[in-house]
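Summary of the model geometry
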Amino acid sequence: MHPFDLKAVLLAKHAQHPVIIHFPIALFIISVAFDLLAIWKRNPALAKAAYYNLLAAALTAPIAIASGLTAWQWQLEGAKLKGNLLLHLTFALTASGMIWLLCGWRVHQRRFPQRTPGITYVFLALATVLLIALAGHLGGIVSGVESGAT
């Protein structure tokens, strides 16, 4: 396959998911980092950047989930969900749900601009980062990028 053959790249059975997933992951993790910096430095501009990154992560997460479900159907031909594939899907869906929950929390919190995210929010955000890391690790195993049994 020629590396610049767009038709082959875009229509490959698995090509979209490994590219798309990086957007909500990066946006969410940088959102958490900005929130922690905003709390530490008491900087409202960082809190605002965190909010918009979180919003973008929430909006791109469903696209990543849809591309993963499509890859499962196309590349793995809808193979039975078990083992690492099941765990990958479970962690990914849970992380996506948590991103939406945290985004809803922050949207509601914007009514009170003087407030910063509390310890519960920070704990849940860091737990979500861990879920994302686990989902990514398992996704690497399932795709064959990382060694391990599927």
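Description of the overall build of the protein
Of regular secondary structure, the protein possesses six helices and zero strands. Put simply, the protein runs from its N terminus to its C terminus through helices and strands in the order α-α-α-α-α-α. Put simply, the protein has 150 residues, and 31% of those count as buried. Counting only contacts in the protein whose residues sit at least 6 apart along the sequence, the fraction spanning at least 24 positions is 67%.

Concerning the packing of aromatic side chains
Under the defined criterion, the tally for this structure stands at two aromatic pairs. Arranged with centres 5.1 Å apart and planes meeting at 75°, the rings of Y51 and Y52 form a pair that is edge-to-face. What makes Y51 buried here is its relative accessible area of 10%. With centroids separated by 5.4 Å and ring planes inclined at 85°, the aromatic side chains of W105 and Y121 adopt a geometry described as edge-to-face. Separated by 16 residues along the polypeptide, W105 in helix α5 (residues 83-109) and Y121 in helix α6 (residues 119-143) bring together distant segments of the chain. Exposure remark for W105: the relative accessible area of 33% places this residue in the partly exposed category. Classification of Y121 as buried rests on a relative accessible area of 3%. Across from the ring centre of Y121, 5.5 Å away, lies the NZ or CZ of R106, which sits over that ring.

Points about the layout of surface pockets
Here the largest pocket is characterised by a volume of approximately 870 Å³. Forming the walls of the largest pocket are 33 residues, and the residues nearest its centre are H17, I21, H88, A135 and G139. Contributing elements (two or more residues each) for the lining of the largest pocket: α2 (16-20), α3 (22-41), α4 (44-75), α5 and α6. With eight residues, α4 is the largest single contributor of residues to the lining of the largest pocket. Its residues assigned to classes, the lining of the largest pocket shows 21 nonpolar, 11 polar and one charged.

The rules behind these values
- Residues numbered from 1 in each chain as written.
- Predicted model: local features only at pLDDT ≥ 70, side-chain atom pairs only at ≥ 80, totals over all residues.
- Heavy atoms only, no water.
- Helix = DSSP H or I, 4+ residues; strand = E, 2+ residues; numbered from the N terminus.
- Buried < 20%, exposed > 50% of the residue type's maximum accessible area, 1.4 Å probe, protein only.
- Contact = heavy atoms within 4.5 Å.
- Phe/Tyr/Trp six-rings, centres within 6.5 Å; stacked < 30°, edge-to-face > 60°.
- Lys NZ or Arg CZ within 6 Å of the ring centre and 35° of its normal.
- 1 Å grid on protein atoms, 1.4 Å probe; cavity = no way out; pocket = protein on both sides within 12 Å on 5 of 7 lines; lining within 4 Å.
- Points joined across faces, edges and corners; volume = space filled by probe spheres on them.
- Nonpolar A, V, L, I, M, F, W, Y, C, P; charged D, E, K, R; others polar.

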